[in-house]
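The residues making up each chain are set out below.
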Amino acid sequence: MADIPYDRKEQLKQIESGLLQGERILAVYDAIGAGTGFLGLTDRRVIVQDKSFVGKRVALTSIPYGKISAVSVVSNKSFAGGFFSSGSIAVHVGTHTYEVDFRGDNKAHHVHNVILHYISQT
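Note that this is a predicted model, so its numbers are computed, not measured.

Enquirer: Any chance you could explain the overall build of the protein here in plain terms?
Expert: The helix and strand inventory of the protein stands at 2 helices and 7 strands. Ordered by position from the N terminus, the helices and strands of the protein form the series α-β-β-β-β-β-β-β-α. Counting across all 122 residues of the protein, residues that qualify as buried make up 42%. For the protein, the accessible area works out to roughly 6800 Å², and carbon and sulfur atoms hold 52% of it.

Enquirer: Where do I start with the pairing of strand β6 (residues 88-93) in this structure?
Expert: The side chains of a regular strand alternate, residue by residue, between the two faces of the sheet. In terms of residue burial, β6 counts as a mostly covered element, since 5 of its 6 residues are buried. Inspection of the sheet shows strand β5 (residues 68-74) paired to β6 by 6 bridges, in the antiparallel sense. Across the sheet, residue Ala70 finds its bridge partner in β6, namely His92. Sheet topology places β6 next to strand β7 (residues 96-102); 6 bridges connect them, and they run antiparallel. Bridge pairing in β7 places Ser88 opposite Asp101. Counted along the chain from β6 to the antiparallel partner β7, the turn is 2 residues long, and its residue Gly94 has a positive phi close to 60 degrees.

Enquirer: Help me understand the environment of Asp101 in this model?
Expert: Following the sequence through the fold, Asp101 ends up in strand β7. Asp101 sits in the partly exposed class, given a relative accessible area of 25%. The spacing of Asp101 and Ala31 is 70 residues in sequence and 5.5 Å in space, taken between C-alpha atoms. Side-chain polar atoms of Asp101 contact the side chain of Ser88, separated by 2.3 Å.

Enquirer: Whenever I open this one, helix α2 (residues 105-119) confuses me. Can you help?
Expert: The α-helix advances 3.6 residues per turn, and as a result positions three or four apart in sequence lie on the same side. An ideal rise of 1.5 Å per residue puts 21 Å on 15 residues; α2 measures up with 21 Å between its terminal C-alpha atoms. Looking only at α2, the buried set comprises Lys107, Ala108, Val111, His112, Val114, Ile115, Tyr118 and Ile119. For α2, the arc enclosing every buried residue in end-on projection is 165 degrees, short of the 170-degree limit, so these residues lie on one face. Looking at the buried side of α2, the elements it contacts are β1 (25-32), β2 (36-42), β3 (45-50), β5, β6 and β7.

Enquirer: Looking at this structure, how should I read the sheet that holds β6?
Expert: The 7 strands lie next to each other as β4-β3-β2-β1-β7-β6-β5, forming an open sheet whose pairing is antiparallel. Only two strands of the sheet have a single neighbouring strand rather than two, namely β4 (59-64) and β5. Taking the axes of each pair of neighbouring strands and ignoring which way they run, one obtains an average angle of 30 degrees across the sheet. Relative to the sheet, helix α1 (residues 9-17) contacts β1, β2, β3 and β4, its axis offset from that of β1 by approximately 130 degrees. Strands in contact with α2 are β1, β2, β3, β5, β6 and β7; relative to β5, the strand with the most contacts, it is inclined by about 160 degrees.

Cut-off values and rules
Along each chain, residue indices are assigned from 1 in the same order as the chain's sequence is written. pLDDT decides what is reported in this predicted model: residues at 70 or higher carry local features, side-chain atom pairs at 80 or more are listed and counted, and totals for whole chains, interfaces and linings draw on all residues regardless. Just so you know, side-chain values use all the structure's heavy atoms and leave hydrogens and water out. Only DSSP runs of H or I covering at least 4 residues are called helices, and only runs of E covering at least 2 are called strands; the numbering of each starts at the N terminus. Relative accessibility decides the category of a residue: with a 1.4 Å probe and only protein chains considered, values under 20% of the type maximum give buried, values over 50% give exposed, and everything between is partly exposed. We get accessible surface area from the Shrake-Rupley algorithm with a probe of 1.4 Å; when it comes to residues, only the shown protein chains can shield them. Should DSSP find at least two bridges between two strands, the strands are regarded as paired. By the criterion applied in these results, polar contacts are pairs of N or O atoms within 3.5 Å in which, for protein atoms, one can donate a hydrogen and the other can accept it, and in which residues neighboring in sequence qualify only through two side-chain atoms. Helix span, as expected, comes to 1.5 Å for every residue beyond the first. This arc is taken over the directions from the axis of the helix to the C-beta atoms. Every residue pair with non-hydrogen atoms within 4.5 Å of one another is taken to be in contact. Between N-to-C directions, angles cover 0 to 180 degrees, with each direction set by a line fitted to C-alpha atoms, over the stretch in contact for helices.

Structure follows, in structure tokens:
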């Protein structure tokens, strides 16, 4: 477990508590900004903690890789600084898009590449 990249121990524990039989955690990253608390990656799905529900309710949403149609790098500036000049990604599932902002572009890069790896295998 020590080799799993994560930002906050309580978020890692929350993901661990909901694992399926044989499922492995790949990373758990804290998110910044409104709406999203954190994003977890396993070898089967993306797990997003969504804080945007009314009345301070929180949802943990599981997104199987097979349901993700695209993953995007989000930037409000030109890509002249490089492909991963931003710390934000967008995960497209049907008509819904989950946008997640991270502290640092290396986390966004890792999340993007893991999702891309799994969705390109289907």
